[in-house]
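Below, each chain spelled out in residue letters.
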Amino acid sequence: RMAQSQLRPFLAGAATAYFSILIVKQWNSRKLRTSGADERRQRQQQQEKSANGHASQSSSEQLIDSPTLDQRMLRKAEGAIRLRTSRLIIVIERCTNDHNYSAIHRTAEALGVQHIYVINPPTQSTLEGAGCIGGDEDEEMAQDIAENAKIKSIGKGGKVVKKVNKSELKERAMHHLFARKATEWLDVREFDTTTECLSSLREDGYEIWATDLSQEAVCLAESDLRMARQNASSAQNAVIPNPIPDRLAIAFGTEAVGCTAELLNEADLRVYLPLRGFADSLNLSVATALVVHHLFVLDPTLVGAMSDEERMRLRKKWYEKLCRQRLLSSSAKRERSRLVARISTAEEYKRKLDAGETLDKNQELKIAKLKEEREKLEKLDQDLDTKAELAVQDLVLNPPGPLTDMRRADEHRATFVGKNTKKMYGETWANMPATANAQTVQSGTSQFFRDKLSEKAPK
């Protein structure tokens, strides 16, 4: 009995000590997690404070997107401008699929390639009723475009060469919107012939590489490229410090047969990306994305390789575009979109009339108003151009600090699909950042530009 009476206090004390240790451990763990979250918030606030208080930042400072960051669209544009390259040009020769064509443009923009040269571009897909000024409302219009637009393929002479069936309409309409947004930030040159394109590249000092599946092509590996460039050099025992030339044009041919014989014969080098499966070729847009990304891996100095003069030109153009998109109210943007749609419809009726088709009175009336509608749009756009140029004048010379990480904050992520698709996958997509519909300040950038314009207005 005495032993039991002594054992009970011991066991009670041990149990108390054990549970006390567990409680302390849990408290410390919770404290560490809270402390880590607080530190991340403090770092983000310090970044924002630093960015908000200075017009520029050193390369060592990091700035990420956040719901409270001021001038976020300008900062994102500045980040893209500083990462753009002109050392690398993508050449697309006779692409026959408009989906691939527009996907390549989007890839180029995402990877930071500013210039695309297009040889004999594919027929132009047009979406009637898809005209809009751009900006934050574009994504909201995507579903309306997909469901309501009429899509046609237009040849160079303006003749309708193909009508797309209903099943293709929705996919291509959505893709058209995304591709159009990408090409707004690119410089695209079109050439009627391969000869004209090659001559232009030679005059500007670009070395030309053609992608090729033949066994004559050189593997896109650093050692292979150095050896191939050294063998091709006219100087004996030439030292090739970089596998990628100072100026490079990388060419991609048509989906079916690749680059033409002319392009392959005139290229300085034929190159291929090694594959490891039974398939020895890839979709054109996929191949372009992989090859171009690989070139940046081979030579990281391609990133941001652009002259100060060209960077300034882009800054002026992009800042004015961003401002122009936001000076109009939402209702004014919708009215402009309707105006563009009326002009597009009237132009279509005029083409039919010129082709000898008979129109009804309502269609003829729309043609009669075409000149007036065009003048109205021209006046509106000229006024916007003048205001945008004035509003960003100082910003072009003293840009805000750029984003150093181009990823969006979770609060700014969104899913650009139609209402029916959202409804279909509603349960599966629940609690995901892209479907959370976070409430953030949408008018911040718009108000910023309007305030800038008010500062410049005569008193």
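Calculation criteria
Residues numbered from 1 in each chain as written. Predicted model: local features only at pLDDT ≥ 70, side-chain atom pairs only at ≥ 80, totals over all residues. Heavy atoms only, no water. Helix = DSSP H or I, 4+ residues; strand = E, 2+ residues; numbered from the N terminus. Areas by Shrake-Rupley, 256 points an atom, 1.4 Å probe, with all protein chains shown as cover. 1 Å grid on protein atoms, 1.4 Å probe; cavity = no way out; pocket = protein on both sides within 12 Å on 5 of 7 lines; lining within 4 Å. Points joined across faces, edges and corners; volume = space filled by probe spheres on them. Nonpolar A, V, L, I, M, F, W, Y, C, P; charged D, E, K, R; others polar. Core = buried A, V, L, I, M, F, W, Y, C linked by side-chain atoms within 4.5 Å. Buried < 20%, exposed > 50% of the residue type's maximum accessible area, 1.4 Å probe, protein only. Contact = heavy atoms within 4.5 Å. Salt bridge = Lys/Arg side-chain N within 4 Å of Asp/Glu carboxyl O. Phe/Tyr/Trp six-rings, centres within 6.5 Å; stacked < 30°, edge-to-face > 60°. Axes fitted to C-alpha atoms, helices over the stretch in contact; angles between N-to-C directions. Parallel < 35°, antiparallel > 145°, perpendicular 65-115°, else oblique. Left-handed = near helix turned anticlockwise from the far one by under 90°. Pairing = 2+ DSSP bridges. Polar contact = N/O pair within 3.5 Å; in protein donor to acceptor, adjacent residues only side chain to side chain.

Regarding the overall build of the protein chain
Point 1. Broken down by element type, the protein chain carries 16 helices and 10 strands.
Point 2. Counting every atom, the protein chain has about 27100 Å² of accessible surface; 52% of that belongs to carbon and sulfur.

Side note on empty space enclosed by the protein
Point 1. Under the definition given, this model contains one cavity of 30 Å³ or more.
Point 2. A volume near 40 Å³ is recorded for the largest cavity.
Point 3. Along the walls of the largest cavity sit D65, R72, K76, L403, M406, R407 and R408, which together make up its complete lining.
Point 4. For the lining of the largest cavity, the class distribution of residues is two nonpolar, no polar and five charged.

A few points about the nonpolar core
Generally speaking, nonpolar side chains in soluble globular proteins are found buried as a group.
Point 1. Judged by nonpolar contacts, the single largest core of 29 residues is most densely connected at L88, I90, W209, L225, I250 and L295.
Point 2. Considering each element in turn, this core owes the most residues, six residues, to helix α9 (residues 284-298).
Point 3. Setting aside residues no more than four positions away along its own chain, L88 makes contact with V113, H115, L248, I250, V292, L295, F296 and L302.
Point 4. Among the nonpolar cores identified, the runner-up in size contains 22 residues, and A80, C323, V392 and F448 belong to it.

Quick look at the pattern of salt bridges
Point 1. If you walk through the whole model with that rule in mind, you get 30 salt bridges.
Point 2. We note a salt bridge from R374 to E347, for which the minimum N-O separation is 3.0 Å. One end of the pair, R374, is in helix α13 (residues 370-391); the other, E347, is in helix α11 (residues 330-354), with 27 residues separating them in the sequence.
Point 3. We classify R374 as partly exposed; its relative accessible area is 39%.
Point 4. Two residues, D410 and R413, come together in a salt bridge whose shortest N-O distance is 3.3 Å.
Point 5. A relative accessible area of 44% places D410 in the partly exposed class.
Point 6. Salt bridges here are not isolated pairs; linked through shared partners, they connect D187, E310, R313 and K317.

Some words on the packing of aromatic side chains
Point 1. One pass over the structure, following the stated rule, counts four aromatic pairs.
Point 2. Judged by centre distance (5.2 Å) and plane angle (55 degrees), the rings of Y117 and F191 are tilted. You can see Y117 sitting in strand β2 (residues 113-119) and its partner F191 sitting in strand β6 (residues 187-191), a full 74 residues away along the chain.
Point 3. On the accessibility criterion, Y117 (6% relative accessible area) is buried.
Point 4. Owing to a relative accessible area of 6%, F191 belongs among the buried residues under this scheme.
Point 5. On the basis of an interplanar angle of 20 degrees and a centroid distance of 5.0 Å, the ring pair of Y425 and W429 is categorised as stacked.
Point 6. The exposure class of Y425 is partly exposed, given its relative accessible area of 35%.
Point 7. Overall, the relative accessible area of 22% leaves W429 in the partly exposed class.

Topic: the packing of helix α3 (residues 98-111) against α9
How two helices sit against one another is set out by the angle between their axes and by the gap between those axes.
Point 1. For the pair α3 and α9, the least separation of the axes is 9 Å and the interaxial angle reads 20 degrees. By the angle class used here, α3 and α9 are roughly parallel. Once α3 is placed against α9, the crossing between them reads as right-handed. Contact with α3, carried on its side by N100, A103, I104, T107 and L111, involves L284, S285, T288, A289, V292, H293 and F296 of α9 and no other residues of that element.
Point 2. Classifying every residue of the contact of α3 with α9 by side-chain character gives seven nonpolar, five polar and no charged.

With respect to the sheet that holds strand β1 (residues 85-93)
Point 1. On the basis of which strands lie adjacent, the open sheet formed by seven strands has the order β6-β2-β1-β9-β7-β10-β8 and parallel pairing. Only two strands of the sheet have a single partner each, and these edge strands are β6 and β8 (218-219).
Point 2. Bridge count between β1 and strand β9 (residues 248-252): five bridges; the pairing is parallel. Paired with I89 across the strands is A249, a residue of β9.
Point 3. Set on the sheet, helix α6 (residues 194-203) makes contact with β1, β2, β6, β7 (207-211) and β9; between it and β2 the angle comes to about 145 degrees.

Looking at the environment of E255
Point 1. When you line up the elements, E255 lands in the loop between β9 and α8 (261-266).
Point 2. Beyond its immediate chain neighbours, meaning those up to four positions away, E255 contacts C95, T96, N97, N100 and L284.
Point 3. Within the structure, E255 has its side chain in polar contact with the backbone nitrogen of N97 (distance 3.3 Å).
Point 4. At 3.5 Å, the side chain of E255 forms a polar contact with the side chain of T254.

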